[in-house]
Amino acid sequence: MADPNPTADGVAGTEADPNAPEFSLQSVYLKDCSFEAPKGPRVEGQWNPNINLELDTATEILSPDLREIVLRDKPNEMLEASPKGTVPVLVLPDGQVVEESIDIMRWALVQSDPECWLGHEASDLITVNDGPFKQSLDRYKYPLRFGLADGIVHRDAAGAQLEMLENRLLAAPYLAGSKCGFTDIAIFPFVRQFAATDAGWFTAQPLPAVQNWLSSLVRSDLFAHVMTRYQPWKAGDTPICFP
């Protein structure tokens, strides 16, 4: 007897479970990020992207709607989703809100990880990046915000922390090893900010492996693909869906 549901190659297929869970994105509110994910729901954020989120989601078979926002004029829809008013924000169909870019990265990769990025996560490097390095970076970039005359002490502290990356990159082209992975995408946006704060000083530092690694990521096709400028979102706008 013929199979009523054959596959294209003639092998008997399996009927889909009607009770199986389905996943889709509802919205993401962003600043410093351009959420690139073909065929997925909605993202919101202000231009000047946070690349660790955008590069990660660019590899996913998801299709968010994008909503870019201006933080000085936050839409009510964003504040209703996330009253703390910071970005990025990912809103899922069931109303769950994910408010940290690293968690959004992990969530997206759990849905689909075509390049096996999750298999290359160095938690020790990410912990330093998200803790002491990020604290030093903020005080280096914005010393007046923290009541400092300048950020030189914190620049030097962050520079010393980059030596850990330098040692890792002397042994392999990426923090993940022979190819780019989760750790690289999670960390390099912050190193990029650090380097751009005083490009001349950064270039003069004895960190050739870090400098080459950063340059290769910034010049990659994936980075170029996600660096897209969008108009700030307002209620009633036609949804921006990623191809």
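Keep in mind the model is a prediction, meaning the values are calculated, not measured. (Residues numbered from 1 in each chain as written. Predicted model: local features only at pLDDT ≥ 70, side-chain atom pairs only at ≥ 80, totals over all residues. Heavy atoms only, no water.)

1. A few points about the overall build of the protein
Heads up, the condition is: Per the convention used, a helix needs a DSSP run of H or I reaching at least four residues, while a strand needs a run of E reaching at least two, with both numbered from the N terminus. Throughout, exposure labels follow a simple rule: accessible area from a 1.4 Å probe, protein chains only, divided by the maximum for the residue type, with under 20% read as buried, over 50% as exposed, and the rest as partly exposed. Should any heavy atoms of two residues lie within 4.5 Å, those residues are counted as being in contact. Residue-level accessible areas treat just the shown protein chains as cover; the underlying method is Shrake-Rupley with a 1.4 Å probe.
The helix and strand inventory of the protein stands at 9 helices and 6 strands. Burial status across the protein gives 45% buried among its 243 residues. Sequence separation of at least 24 residues holds for 61% of the intrachain contacts in the protein that already meet a minimum separation of 6. Carbon together with sulfur atoms contributes 53% to the accessible area of the protein, which is approximately 12,700 Å² in total.

2. A closer look at the environment of D103
Following the sequence through the fold, D103 ends up in helix α3 (residues 101–111). The exposure class of D103 is partly exposed, given its relative accessible area of 34%. Each C-alpha atom of the pair D103 and L90 lies 9.6 Å from the other, and the pair is 13 residues apart in sequence.

3. Topic: the pattern of salt bridges
Rule in force here: The working definition used for a salt bridge is a side-chain nitrogen of Lys or Arg within 4 Å of a carboxyl oxygen of Asp or Glu.
What the rule picks out here adds up to 8 salt bridges. Note that D156 and R155 form a salt bridge whose closest N and O atoms lie 3.1 Å from each other. The class for D156 is partly exposed, based on a relative accessible area of 39%. The exposure class of R155 is buried, given its relative accessible area of 13%. Linking K234 and D237 is a salt bridge whose minimum nitrogen-to-oxygen distance equals 3.2 Å. When salt bridges that share partners are traced, they join K84, E99 and E100 into one network.

4. Digging into unusual backbone geometry
A cis amide bond links V87 with the next residue in sequence, P88, at an omega value of 5 degrees. With a phi close to 60 degrees, C116 is a non-glycine residue in the positive phi region.

5. What to know about the packing of helix α6 (residues 182–197) against helix α8 (residues 208–218)
Just so we agree on the cut-off: Only the stretch in contact is used when fitting a helix axis, every axis being a line fitted to C-alpha atoms; angles between N-to-C directions are given from 0 to 180 degrees. If an angle is under 35 degrees, it is roughly parallel; if it is over 145, roughly antiparallel; if it lies from 65 to 115, roughly perpendicular; otherwise it is oblique.
Interaxial distance between α6 and α8 falls to 10 Å at its minimum, and their mutual angle equals 105 degrees. Our classification of the angle between α6 and α8 gives roughly perpendicular. Residue-level inspection shows D184, I187, F188, V191, R192 and A195 of α6 in contact with α8, the latter providing V210, W213, L214, L217 and V218.

6. Details of the packing of aromatic side chains
What counts here: Two rings belonging to Phe, Tyr or Trp (six-membered ring only in the last case) form a pair when the distance between their centres is within 6.5 Å. Interplanar angles under 30 degrees mark stacking, angles over 60 mark edge-to-face geometry, and anything in between is tilted. Lysine NZ or arginine CZ positioned within 6 Å of the ring centre and within 35 degrees of the ring normal marks a charge as sitting over the ring.
Tallied over the full model, the rule gives 5 aromatic pairs. A ring pair is formed by Y140 and F194, whose centres lie 5.3 Å apart and whose planes are at 55 degrees; its orientation type is tilted. Highlighted residues: Y140 in helix α4 (residues 123–141) and F194 in helix α6, separated in sequence by 54 residues. On the numbers, 5.9 Å between centres and 80 degrees between planes, the contact of F194 with W201 is edge-to-face. Across the pair, exposure class does not vary: F194 and W201 are buried alike. Cluster of aromatic residues (ring-pair linked, three or more members): F133, Y140, F194, W201 and F202. For R145, the ring lying beneath its charged end belongs to Y142, and the centroid distance is 4.0 Å.

7. Observations regarding α8
In an α-helix, one full turn covers 3.6 residues, which means residues spaced three or four apart are oriented alike. Every buried residue of α8 is accounted for by A209, V210, Q211, W213, L214 and L217. Residues of α8 that are buried in the fold lie against α5 (152–169), α6, α7 (199–203) and α9 (221–226).

8. A look at the nonpolar core
Definition in use: Residues enter a nonpolar core if they are buried and are Ala, Val, Leu, Ile, Met, Phe, Trp, Tyr or Cys, with the set joined through side-chain atoms within 4.5 Å.
In terms of nonpolar packing, the biggest core is built from 34 residues, with L165, F194 and W213 touching the most fellow members. Counting only elements with at least two residues in this core, the list comes to α3, α4, α5, α6, α7 and α8. Here this core gets 9 residues from one element, more than from any other, and that element is α6. Those residues within four positions of W213 in sequence are excluded, and the remaining contacts are L169, P173, Y174, L175, D184, I187, F188 and V191. Formed by 6 residues, the second largest nonpolar core is a distinct cluster that contains L90, L92, V98 and W107.

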